[in-house]
Amino acid sequence: MRKAPQQARSREMVERLVTAGRRVLVERGYDAFSTNRVATVAGVSPGSLYQYFPDKAAILEVVIDRYWEEVADRVAASLADRIGEFGPGMVRATTDALLTALEADRELLRVVAEELPVQRNRERRAALERRVRELMTTYLAARPDSSHRPNPAVASWVVVLAIENLAMRWVLDQPEVVTRDQLLDEVLALVGGYLLA
């Protein structure tokens, strides 16, 4: 952002701009995203927008950061609530939380995953993965049967990326042959087989 809003009115303006940016990104896609469209949807002049955001990249950055933070918060909360739990229930609940978080704004997920240039999204997605991996590493290290997996960080990397990619593809593709419960059962079998092998 160009300048941080100090007054309540300025903070409200920035929130309107970010909300409008999210809406334009979802409705028009990345290629048609522009500061003029964002200003129009927010009901402000382009000059007002430029007081806070120097260009469309700055608005996109805030929109995408907030999106991944929302997803990360939901998944991390689910995992943190179950840190003392061991077994299939934790894996299923965490995967379900990820699906729910991704489904909360499927349209924005589609734009983020399929339209944004990879470099725009890589850091933010990596931050989400890192946050969940750290919690998963703590969980695996605390397990009473953790001795058969000497490196919880490696196991966490494998599990988190497998679940994330399966969940993202399921939410975006909505395959008719795989129900949510079937996906959760398959993820549980996959993760259970890997961690208990």
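What counts, and where the lines are drawn
- Residues numbered from 1 in each chain as written.
- Predicted model: local features only at pLDDT ≥ 70, side-chain atom pairs only at ≥ 80, totals over all residues.
- Heavy atoms only, no water.
- Helix = DSSP H or I, 4+ residues; strand = E, 2+ residues; numbered from the N terminus.
- Buried < 20%, exposed > 50% of the residue type's maximum accessible area, 1.4 Å probe, protein only.
- Arc of directions from axis to C-beta.
- UniProt positions renumbered as here; feature names shortened; annotations may be inferred.
- Domains from an automatic or database assignment.
- Contact = heavy atoms within 4.5 Å.
- Buried area = accessible area lost by both parts, 1.4 Å probe.
- Salt bridge = Lys/Arg side-chain N within 4 Å of Asp/Glu carboxyl O.
- Core = buried A, V, L, I, M, F, W, Y, C linked by side-chain atoms within 4.5 Å.
- pLDDT = per-residue confidence, 0-100.

By the naming in an unreviewed UniProt entry, the protein chain is TetR/AcrR family transcriptional regulator, taken from Nocardioides daeguensis.

Asks: It is not clear to me how unusual backbone geometry should be interpreted in this structure. Could you clarify?
Replies: As a rule of thumb, non-glycine residues mostly have phi less than zero, and peptide bonds are mostly trans rather than cis. One non-glycine residue with positive phi stands out, namely glutamine 174, at about 45°. With respect to the helices, strands and loops of the structure, glutamine 174 is situated in the loop between helix H8 (152–173) and helix H9 (180–196). Judged by its relative accessible area of 36%, glutamine 174 is partly exposed.

Asks: Is there a simple way to think about helix H6 (residues 106–114) in this case?
Replies: Each α-helix turn comprises 3.6 residues. Residues three or four places apart therefore point the same way. Taken as a whole, H6 has its buried residues at Leu108, Leu109, Val111 and Val112. End-on view of H6: buried residues confined to an arc of 165°, all on one side of the axis.

Asks: Before we go on, may I ask you to explain the UniProt feature "domain: HTH tetR-type" (unreviewed entry) in the protein chain in this structure?
Replies: Within the UniProt annotation, "domain: HTH tetR-type" (unreviewed entry) is assigned to residues 11–71. Each end of residues 11–71 is marked by a C-alpha atom, and these two atoms are 23 Å apart; helix forms 80% of the span and strand 0%.

Asks: Whenever I open this one, the domain arrangement of the protein chain confuses me. Can you help?
Replies: One widely used convention gives an interface's size as the accessible area the parts lose upon coming together. Examined at the domain level, the protein chain breaks down into domain 1 (1–53) and domain 2 (63–196). Domain 1 puts nine residues into the contact, and the matching count from domain 2 is 13 residues. Sorting the residues of domain 1 by area buried against domain 2 places Arg22, Leu25 and Tyr30 first, and these three jointly supply 63% of that buried surface. At the junction of domain 1 and domain 2, the tally comes to three salt bridges.

Asks: What am I meant to see in the nonpolar core here?
Replies: Ranked by size, the top nonpolar core spans 58 residues in total, and within it Leu17, Leu25, Phe53, Trp68 and Leu102 carry the most contacts. When residues of this core are assigned to domains, at least three map to each of domain 1 (1–53) and domain 2 (63–196).

Asks: Honestly, the pattern of salt bridges in this entry has me stumped. Any pointers?
Replies: When the charged atoms of two side chains with opposite charge come close together, those side chains can pair. Scanning the model with the defined rule gives 12 salt bridges in all. For arginine 22, the salt bridge goes to aspartate 105, with nearest N and O atoms at 3.0 Å. Pair noted here: arginine 22 is in helix H1 (residues 8–28) and aspartate 105 is in the loop between helix H5 (88–103) and H6, with a separation of 83 residues, a long-range link. The shortest N-O distance in the salt bridge between arginine 106 and glutamate 103 comes to 3.6 Å. For arginine 106, a relative accessible area of 23% gives the class partly exposed. Because the salt bridges share partners, they merge into one network encompassing Asp96, Glu103, Arg106 and Arg180.

Asks: Please clarify how the confidence of the model for the protein chain should be interpreted in this entry.
Replies: Detailed reading of the predicted coordinates is not advisable wherever pLDDT is low. Per-residue pLDDT for the protein chain averages 87, and the proportion of residues at 70 or more is 92%. At the level of individual helices and strands, the protein chain shows its lowest average pLDDT in helix H7 (residues 118–142), which scores 79, and its highest in helix H2 (residues 35–42), which scores 97.

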